[in-house]
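A structural walkthrough
Residue-level listing of the chains:
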Amino acid sequence: MNDWIEQRPEQFLARLEHAASRTATPCGDETMVWHLWGDADAPVLVLFHGGAGSWRHWAHNIDVLSRTHRLLVPDLPGLGESAFPPDGDDAMAVATIVAAGINTILAPRTRYDVAGFSFGGLMATCVGAIHGSRVRSVTIIGSSGVGPIGSAVELMKVRHLTGEERVAAHRTNLGRLMIADPERIDELALAIQEWNTRHSRLKTPSLSRSGALPEALAKVVSPVNGIWGERDAPANPRAPQRVAELRELRPDADVRIIPGAGHWVAYEVPEQFNEMLLEMLKRSRP
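What you see is a predicted model, and the numbers here were worked out from it, not measured in a lab. (Residues numbered from 1 in each chain as written. Predicted model: local features only at pLDDT ≥ 70, side-chain atom pairs only at ≥ 80, totals over all residues. Heavy atoms only, no water.)

Attention shifts here to helix α6 (residues 187-199). When the terminal C-alpha atoms of α6 are compared, their 19 Å separation across 13 residues agrees well with the 18 Å that a helix rising 1.5 Å per residue should span. For α6, the full list of buried residues reads Leu-188, Ala-189, Leu-190, Ile-192, Gln-193, Glu-194, Asn-196 and Thr-197. Residues of α6 that are buried sit in contact with α1 (9-19), α5 (163-178) and α10 (265-268). (Helix = DSSP H or I, 4+ residues; strand = E, 2+ residues; numbered from the N terminus. Expected span 1.5 Å × (residues − 1). Buried < 20%, exposed > 50% of the residue type's maximum accessible area, 1.4 Å probe, protein only. Contact = heavy atoms within 4.5 Å.)

Following both chains from N to C, one finds α1 and α6 inclined at 70 degrees, their axes separated by 9 Å at the closest point. The angle between the axes of α1 and α6 places the two elements in the roughly perpendicular class. Taken as a pair, α1 and α6 cross one another with a handedness that is right-handed. When α1 is examined against α6, the residues Pro-9, Glu-10, Phe-12 and Leu-13 are found in contact with a partner set consisting of Glu-187, Leu-188, Ala-191 and Ile-192. Of the residues that constitute the contact of α1 with α6, the class distribution is six nonpolar, no polar and two charged. (Axes fitted to C-alpha atoms, helices over the stretch in contact; angles between N-to-C directions. Parallel < 35°, antiparallel > 145°, perpendicular 65-115°, else oblique. Left-handed = near helix turned anticlockwise from the far one by under 90°. Nonpolar A, V, L, I, M, F, W, Y, C, P; charged D, E, K, R; others polar.)

Right, let's talk about the sheet that holds strand β6 (residues 135-141) for a bit. Pairing between the strands of a sheet comes from backbone hydrogen bonds, and it takes one of two forms, parallel or antiparallel. Reading across the sheet, the eight strands line up as β1-β2-β4-β3-β5-β6-β7-β8 and stay open at both edges, with mixed pairing between neighbours. Each edge of the open sheet is held by one strand with a lone partner, namely β1 (21-27) and β8 (254-258). Each strand axis lies, on average, 20 degrees off the axis of its neighbour in the sheet, ignoring direction. Two elements, strand β7 (residues 224-229) and β8, share five bridges in a ladder whose sense is parallel. Note on β8: the bridge partner recorded for Trp-228 is Ile-257. Where helix α3 (residues 91-105) meets the sheet, its contacts fall on β1, β2 (30-37), β3 (44-48), β4 (70-74) and β5 (112-117), and the angle it forms with β2 comes to roughly 55 degrees. Each of β3, β5 and β6 touches helix α4 (residues 119-131); the most contacted strand, β5, lies at about 150 degrees to it. (Pairing = 2+ DSSP bridges.)

Moving on, we get to the side chain of Gln-193. Among the structural elements, Gln-193 can be located in helix α6. Residue classification places Gln-193 among the buried residues on the basis of a relative accessible area of 14%. Gln-193 has contacts with His-170, Asn-173 and Leu-174, leaving out every residue within four places of it along the chain.

This part is about the packing of aromatic side chains. One pass over the structure, following the stated rule, counts three aromatic pairs. Summarising the aromatic geometry, the rings of Trp-58 and Phe-273 are spaced 6.3 Å apart at their centres and angled 40 degrees between planes, so their arrangement reads as tilted. On the criterion of sequence distance, the pair formed by Trp-58 in the loop between β3 and α2 (62-65) and Phe-273 in helix α11 (residues 270-284) is long-range, its members being 215 residues apart. (Phe/Tyr/Trp six-rings, centres within 6.5 Å; stacked < 30°, edge-to-face > 60°.)

In short, the description is geometric, and any link to function would need to be established separately.
The structure is reproduced here in structure tokens:
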């Protein structure tokens, strides 16, 4: 997993960013930033990060997934380097900006798979509803918009902290919300958390709890997949109910749980996650 171990986190992330091509699409009067990896002729996979996140949420997945797919990975509106959306209180309005960005980057008839982590799962479902059969599959990863609300996760305030106190607070928050195994909270995770926190503006929890995900899911015509970590903090103790509700909403959905993993499952257990996602995506291609 620690493919960055011979580099400092900043060097590893810079290497990933340097390997990408960067583009921007409209977001209100400003822009939404995208990073693209992989062969331009490969099947397209669009990846949406989680709340208070950026493309860096996929740091342990980009190298592997880009071997077989062309990756389109944005900073979602109001997060990372992307501008705040004109209507940040409406999930479908935000997703409409994202869907328009995909239209700008891809040729009109190019089909694609979309996968989203946490808040990104809401965006993936909304985009799947907007683009219809053009979307080969929608994969929802640890999203709180499915099923009952889980346990409230109390996070430490970090914006006023500096130095070691700030690092310690990030470590605490990652352990409470994102990563189940404390040994997996490494320097790279801390560096990503710090950068993402500094650039987060959109209030995503209220959007995730708005009911927009099941409403959009009812309009999705593509195959649907779901991946949760067994120890997903926002979902527990009701994770089984979330899985059951997704299966009730979409009886055809392929929904799986990765044992022992937390909310940021793609980072905590990337080998298992990458293999599972790629297997799901294979089934969506003719």
